[in-house]
Amino acid sequence: MRSEPSAARHGDRRLSWWRWSLPLLLAAVIAVALSVGEGGWNADIVWQLRLPRVLAGVGVGALLAQAGLAMQILLRNPLADPYVLGASGGAGLGAIIALLLGAAMWLGSVMGAGAALFALLLMGRRIMASRDDEASAQLILIGAMLAAMAGALSTLLLTLVPDQQLRGAMFWLVGNLSGATHGPELCALAGLGSVWLLWRQRRYDRLLLGSEAAWLLGEPVARARLELVLLAALATGASVAVAGAVGFVGLVVPQALRLLGLQRMHDQAWAAPLAGAALVVAADTLARGVAMPYELPVGAVTALVGAPVFILMLRRAR
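Predicted model, so just to flag it, every value in this text is computed and none were measured.

Things to note about the packing of aromatic side chains
Within the structure shown, the criterion is met by 1 aromatic pair. Considering the side-chain rings of Trp 196 and Trp 199, the 5.1 Å spacing of their centres and the 80° angle between planes classify their relative orientation as edge-to-face. Of the two residues, Trp 196 and Trp 199 are both situated in helix α7 (residues 183-199); the distance of 3 residues between them amounts to about one turn of the helix. Look at Trp 196 and you get partly exposed, because its relative accessible area is 29%. The exposure class of Trp 199 is exposed, given its relative accessible area of 57%. Above the ring of Trp 199, the side-chain terminus of Arg 200 is found at 4.3 Å from the ring centroid.

Details of α7
Under the 1.5 Å per step criterion, the end-to-end length of α7 is 24 Å for 17 residues, consistent within 8% with the ideal 24 Å. Looking at the buried positions of α7, the neighbouring elements they touch are α2 (43-75), α8 (201-207), α10 (221-243) and α12 (265-289).

Thoughts on α2
A rise of 1.5 Å per residue sets the reference length of α2, with its 33 residues, at 48 Å; its end C-alpha atoms lie 46 Å apart and thus fit the reference within 8%. At Arg 50, α2 shows its maximal bend, which comes to roughly 40°, and the proline Pro 52 appears one to four places after that position. Most of α2 is tucked away, with 24 of its 33 residues classed as buried. Directly after α2, the chain includes Arg 76, whose backbone phi takes a positive value near 55°.

Focus on the nonpolar core
Ranked by size, the top nonpolar core spans 60 residues in total, and within it Leu 177 and Leu 257 carry the most contacts. For this core, the element with the highest residue contribution is α2, accounting for 13 residues. Every residue in contact with Leu 257, bar those within four places of it in the chain, is listed here: Leu 22, Leu 262, Gln 268, Ala 271, Ala 272 and Ala 275. If you look at the next biggest cluster of nonpolar residues, it comprises 10 residues, including Val 29, Val 46, Val 54 and Ala 278.

Points about the environment of Val 29
Locating Val 29 in the fold gives a position in helix α1 (residues 4-35). Accessibility expressed as a relative area gives 14% for Val 29, which makes it buried. If sequence neighbours within four positions are ignored, Val 29 has contacts with Ala 278, Val 281 and Ala 282.

Some details on the pattern of salt bridges
Following the criterion strictly, the structure yields 7 salt bridges and no others. Here Arg 53 ties to Asp 284 by a salt bridge, and the two come within 2.8 Å at their closest N and O atoms. Residue Arg 53 is found in helix α2, and its partner Asp 284 is found in helix α12; the two are separated by 231 residues along the sequence. Asp 284 shares its class with Arg 53; the two are buried. Glu 219 is paired through a salt bridge with Arg 206; the nearest N and O atoms lie 2.9 Å apart. Taken together, the residues Glu 219 in the loop between α9 (211-216) and α10 and Arg 206 in helix α8 connect sequence positions 13 residues apart. Classification of Glu 219 by relative accessible area gives buried; the value is 12%. The class for Arg 206 is partly exposed, based on a relative accessible area of 23%. The network of salt bridges with shared partners includes Arg 200, Arg 203, Arg 206, Glu 219 and Glu 227.

A few points about the side chain of Thr 302
You can see Thr 302 is positioned in helix α13 (residues 298-317). Among the polar contacts listed, one links the side chain of Thr 302 to the backbone oxygen of Gly 299, at a separation of 2.9 Å. In this view, Thr 302 contacts Val 246, Gly 247, Phe 248, Val 249 and Ala 283; residues no more than four positions away in its chain are not counted.

Quick look at a nonpolar patch on the surface
Residues Trp 106, Leu 107 and Met 111 make up a contiguous nonpolar surface patch of about 360 Å² in total accessible area. Its location among the elements puts Met 111 in helix α4 (residues 105-123).

A look at the packing of α2 against α7
The contact between α2 and α7 brings their axes to 7 Å, and the two run at 30°. Comparing the axis directions of α2 and α7 gives the class roughly parallel. The two elements α2 and α7 cross, and the hand of that crossing is left-handed. Between α2, through Leu 55, Ala 56, Val 58, Gly 59, Val 60, Ala 62, Leu 63, Gln 66 and Leu 69, and α7, the contact on the second element is made entirely by Gly 183, Pro 184, Leu 186, Cys 187, Leu 189, Ala 190, Gly 193, Ser 194 and Leu 197. Its residues assigned to classes, the contact of α2 with α7 shows 13 nonpolar, 5 polar and no charged.

Cut-offs applied
- Residues numbered from 1 in each chain as written.
- Predicted model: local features only at pLDDT ≥ 70, side-chain atom pairs only at ≥ 80, totals over all residues.
- Heavy atoms only, no water.
- Phe/Tyr/Trp six-rings, centres within 6.5 Å; stacked < 30°, edge-to-face > 60°.
- Helix = DSSP H or I, 4+ residues; strand = E, 2+ residues; numbered from the N terminus.
- Buried < 20%, exposed > 50% of the residue type's maximum accessible area, 1.4 Å probe, protein only.
- Lys NZ or Arg CZ within 6 Å of the ring centre and 35° of its normal.
- Expected span 1.5 Å × (residues − 1).
- Contact = heavy atoms within 4.5 Å.
- Bend = angle between axes of the 7 residues up to and from the residue.
- Core = buried A, V, L, I, M, F, W, Y, C linked by side-chain atoms within 4.5 Å.
- Salt bridge = Lys/Arg side-chain N within 4 Å of Asp/Glu carboxyl O.
- Polar contact = N/O pair within 3.5 Å; in protein donor to acceptor, adjacent residues only side chain to side chain.
- Patch = residues over 30% accessible without salt bridge, like charges linked within 9 Å, V, L, I, M, F, W, Y side chains within 5 Å.
- Areas by Shrake-Rupley, 256 points an atom, 1.4 Å probe, with all protein chains shown as cover.
- Axes fitted to C-alpha atoms, helices over the stretch in contact; angles between N-to-C directions.
- Parallel < 35°, antiparallel > 145°, perpendicular 65-115°, else oblique.
- Left-handed = near helix turned anticlockwise from the far one by under 90°.
- Nonpolar A, V, L, I, M, F, W, Y, C, P; charged D, E, K, R; others polar.

Read these as geometric descriptors, not functional statements.
Structure representation (structure tokens):
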């Protein structure tokens, strides 16, 4: 049997390995993404077309991974995800309403994600008083119903979208980075999110022990939950406003990192954005390179990866 000191050293070596390998993985994925496409390494094509798209993919992946991490801390359930809990659907609905009203899509997206998450907490306010495991399962069911409602309303509102914008709107609803901008802003927002998670790491680690344990340790549970809702709403809304509803990133990334041994918030806060960014950029590269000159929606590619993982996790949870 391995002694405790040797096991601790093995864990430290594994964490150290991931600390330098994840940035290298992201750099390699970005290099491949910048080279895929007609024209090769043409400077104008890389600088004007591919680099903004890659930066947007980095920001979207990082924010979605942070949103998923925040929701999993909030509900203490590895199956929690903005896509599953209705935040992505609410963001998409808000963006469509903003499009019809002529308002800024990013504002409608953020407000839609926030409204969906606050509706989740409002409808489940009595459930939150029950045991953590029971509250988590019931809130996920409520979130799934909210996601279904948001999807139905989005489909109905799409009938009001002008024909010349309908195809783009449909493509956007399943995730699309074609022509995406604001990549630097998204990356900066993800950086601020990581700083916040690192600053609050002790509070969120204690919250993962359970609401009663966190309260006994002196943590303001209600305030911590509100912080996580706001973080998830802002991250989800910003990413959906740029790339549409890219699903399953927030579900897969934090859970995969836990399986690799990155359990504490101190490690997840920086590793989740890097892994999420690498996943979305790799999926987008595959989406635009596998059937050139046609492009597949990046959300469909991430769903093809995330859905089987989700099913396996459900079977394991049962």
